[in-house]
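# Structure assessment
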Amino acid sequence: MARKTSSRASTASRMPPHSVAVRHELLERNFPVLARSMTFAKMVQANTKFSGVIKDLSWLFLPVCHRKDQAVLTETEKSRYICAFNMINNDGSLGELVDIHSEMHMQHTNARLLPWHRVFLHLFEEALHSYHPDVCVPYWDWTKPEGQHFPDWLTSVLPTVHTPTRTINVIRAPGSDAQLASIAASAPTAMAKTNYDDFSGLINGVHGSVHIWVGGTMSDASVSPADPVFWMHHGNLDRLWWVWYNSPQGNHQNPPLTGGDAVMDPWTYTEVDVRSISSLGYAYV
């Protein structure tokens, strides 16, 4: 899968981000806007005099971000996710991510889909943490019958997203519940596969079909991350990959990527860097 690496990419670090310090260094190198933003969350964390009691704020500064099914979120959790989304739209972080997704990084229809978007989700989640450290990316579990409809609480959330190059007005027109159930019916077949290429090939098909089912902004890869449901859709894909990876069928198989294909350009993260979600600071619950 040879390709020309984006000019945005720099020399790849192959050190897995096992420590918080390494994880933060990777984040600031790959998404500089996180280092530039001036938020109270950063100020509190940097306050050495306050660090002795910060353990009492464990509800706010989570050691591990627990990504939950959107269907079980409380009203407070839903409103804080939308608020954090709006804040990173206001500061330009979201727009920068949307424009990156519109570029050609060989991130679709191949074995790079899942590791590339794992980095993408991670950067988005860390941007959210700049304002709401307790907000984790929810996942939309369309594999469950009760989840096979567009999330009700997002129906009226149609943001206008500003990127460095354009303005995007989010629109959508979801299909029927039966159509989504038909798409999701392929997921168990994918989860039963015993090699990564077969698994990811089917997941690629489900991935694109759900985008089309939502319609509108989600049906166009150049603008789809402007819709807040994009991140919840990819959260579920990432979750399914993690479940498959840890299953007897997946048996800890990694994507067969080598050389430049293993670098998740335009960032310096490599396929090795994203093998463990715990090293990226999150878990699925």
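Below is a short write-up of the structure. (Residues numbered from 1 in each chain as written. Predicted model: local features only at pLDDT ≥ 70, side-chain atom pairs only at ≥ 80, totals over all residues. Heavy atoms only, no water.)

### Considerations on the nonpolar core
In this structure, Phe 124, Trp 140, Trp 142, Phe 199, Trp 231 and Trp 267 are the most contacted members of the largest nonpolar core, which totals 71 residues. Those elements that place two or more of their residues in this core are α4 (75-90), α5 (93-102), α6 (113-129), α7 (177-184), α8 (187-191), α9 (196-214), α10 (228-245) and β4 (282-284). In terms of residue count, α6 provides more of this core than any other element does, ten residues in total. If we ignore the near neighbours within four places in the chain, the residues touching Phe 199 are Leu 114, Ala 190, Met 191, Lys 193, Leu 240, Trp 241 and Trp 244. (Core = buried A, V, L, I, M, F, W, Y, C linked by side-chain atoms within 4.5 Å. Buried < 20%, exposed > 50% of the residue type's maximum accessible area, 1.4 Å probe, protein only. Helix = DSSP H or I, 4+ residues; strand = E, 2+ residues; numbered from the N terminus. Contact = heavy atoms within 4.5 Å.)

### As for the packing of aromatic side chains
Overall, the coordinates contain 18 aromatic pairs when judged by the stated rule. Seen from their ring centres, Tyr 196 and Trp 241 are 6.4 Å apart, and the 65 degrees between their planes marks the pair as edge-to-face. Of this pair, Tyr 196 sits in helix α9 while Trp 241 sits in helix α10, and the two are 45 residues apart along the sequence. We classify Tyr 196 as buried; its relative accessible area is 2%. Taking the centre distance of 5.6 Å and the plane angle of 85 degrees together, the rings of Tyr 282 and Tyr 284 count as edge-to-face. In this pair, the class of Tyr 282 matches that of Tyr 284, namely buried. Taken together, the ring pairs in this structure connect Phe 85, Trp 116, Phe 120, Phe 124, Phe 230, Trp 231 and Trp 267 into an aromatic cluster. The ring of Tyr 282 is capped by Arg 67, whose NZ or CZ atom sits 3.5 Å from the centre of that ring. We note Arg 118 situated over the ring of Trp 241; from NZ or CZ to the ring centre the distance is 3.8 Å. (Phe/Tyr/Trp six-rings, centres within 6.5 Å; stacked < 30°, edge-to-face > 60°. Lys NZ or Arg CZ within 6 Å of the ring centre and 35° of its normal.)

### So, the environment of Gln 253
Residue placement: Gln 253 occurs in the loop between α10 and β4. Given a relative accessible area of 23%, Gln 253 falls into the partly exposed group. Apart from residues lying up to four places away in sequence, Gln 253 is in contact with Thr 194, Asn 195, Tyr 196, Trp 244 and Tyr 245. At 3.3 Å, the side chain of Gln 253 and the backbone nitrogen of Tyr 196 are in polar contact. A polar contact of 3.5 Å, which involves the side chain of Gln 253, links it to the backbone oxygen of Gln 249. (Polar contact = N/O pair within 3.5 Å; in protein donor to acceptor, adjacent residues only side chain to side chain.)

### Observations concerning empty space enclosed by the protein
For the structure shown, the criterion picks out two cavities of 30 Å³ or more. Lining the largest cavity are Pro 115, Arg 118, Trp 241, Trp 242, Tyr 245, Asn 254, Pro 255, Glu 271, Val 274 and Arg 275. Looking at the lining of the largest cavity, the elements with two or more residues in it are α6 and α10. By residue number, the principal contributor to the lining of the largest cavity is α10, which donates three residues. If you add up the space inside the second largest cavity, you get close to 40 Å³. Around the second largest cavity sit Leu 113, Leu 114, His 117, Arg 118, Leu 121, His 234, Leu 237 and Asp 238, which together line it. Only α6 and α10 provide two or more residues apiece to the lining of the second largest cavity. Element by element, the count of residues in the lining of the second largest cavity is highest for α6, at five residues. (1 Å grid on protein atoms, 1.4 Å probe; cavity = no way out; pocket = protein on both sides within 12 Å on 5 of 7 lines; lining within 4 Å. Points joined across faces, edges and corners; volume = space filled by probe spheres on them.)

So, to be careful, I would describe these as geometric facts and stop short of saying anything about function.
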